Amino acid sequence: ALLVMAWIGAQDGALQGWIQSHPGWAVLAAALIGVLPESGPHMLFVAGYAQGLLPLSALVASSVVQDGHGMLPLLAESRWEFVKVKAITFAAGLLAGYGLMAAGL
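So, here's what we can say about the structure. Source: prediction; values computed, not measured. (Residues numbered from 1 in each chain as written. Predicted model: local features only at pLDDT ≥ 70, side-chain atom pairs only at ≥ 80, totals over all residues. Heavy atoms only, no water.)

## Points about the environment of A29
Selection rule: Numbered from the N terminus, helices here are DSSP runs of H or I no shorter than four residues, and strands are runs of E no shorter than two.
Inspection of the secondary structure assignment puts A29 in helix α3 (residues 23-34). Taking the C-alpha atoms as reference points, A29 and G40, 11 residues apart in sequence, are found 15 Å from one another.

Here is the structure:
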């Protein structure tokens, strides 16, 4: 995750400019990546926000949807329950992210 952020930072700013001019896509990407039951991808959004590459709305969307490895036991027990929980957190993450984006954050 840190290597990807270093690569993005090493670009000439085109990607950063695109992200800042299209924050809605950043929020959606954060929520979609947050669905993965893994904690590593969340680091992209933490580091991106810390470096000023991503808006707060994308970080919040990722934080709400991402639950790290905590969902793996539920996935092993019931795939359907896993999908239901992830759908709820995905919707909540999008609501929080787009709400903050509408507020200018």
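The structure having been displayed, the exposition proceeds.
## Some words on the packing of helix α5 (residues 56-65) against helix α7 (residues 79-102)
Under the convention used in this document: Angles run from 0 to 180 degrees between N-to-C directions of axes, and those axes are lines fitted to C-alpha atoms, restricted for helices to the stretch in contact. If an angle is under 35 degrees, it is roughly parallel; if it is over 145, roughly antiparallel; if it lies from 65 to 115, roughly perpendicular; otherwise it is oblique. What makes a crossing left-handed is the near helix being turned counterclockwise from the far one by less than a right angle; a clockwise turn instead makes it right-handed. Any two residues having at least one pair of non-hydrogen atoms within 4.5 Å are treated as being in contact.
Remark: α5 packs on α7, axes separated minimally by 8 Å, with the N-to-C direction vectors making an angle of 165°. Relative to α7, the element α5 is oriented roughly antiparallel. Like other packed secondary-structure pairs, α5 and α7 cross with a definite hand, here right-handed. Facing S57, V60, A61, V64 and V65 of α5, the residues of α7 in contact are K86, T89, F90, A92, G93, A96, G97, L100 and M101.

## As for α5
To keep it simple, the criterion reads: Throughout, exposure labels follow a simple rule: accessible area from a 1.4 Å probe, protein chains only, divided by the maximum for the residue type, with under 20% read as buried, over 50% as exposed, and the rest as partly exposed.
Three or more residues of α5 are buried, namely S57, A58, L59, A61, S62 and V65. In this fold, the buried residues of α5 make contact with α3, α4 (42-50) and α7.

## Some details on a nonpolar patch on the surface
Keep this limit in mind: Patch membership needs two things, relative accessible area over 30% and no salt bridge, and members are linked within 9 Å if like-charged or within 5 Å if nonpolar (Val, Leu, Ile, Met, Phe, Trp, Tyr). Residue-level accessible areas treat just the shown protein chains as cover; the underlying method is Shrake-Rupley with a 1.4 Å probe. A pairing counts as a salt bridge when a side-chain nitrogen of Lys or Arg comes within 4 Å of a carboxyl oxygen of Asp or Glu.
There is a patch of nonpolar side chains on the surface, built from L2, M43 and V46 and spanning about 250 Å² of accessible area. Inspection of the secondary structure assignment puts V46 in helix α4.

## As for α7
We count it as follows: Multiplying one less than the number of residues by 1.5 Å gives the expected span of a helix.
For α7, with 24 residues, the first-to-last C-alpha span of 34 Å sits near the 34 Å given by 1.5 Å per residue. The elements touched by buried residues of α7 are α3, α5 and α6 (72-77).

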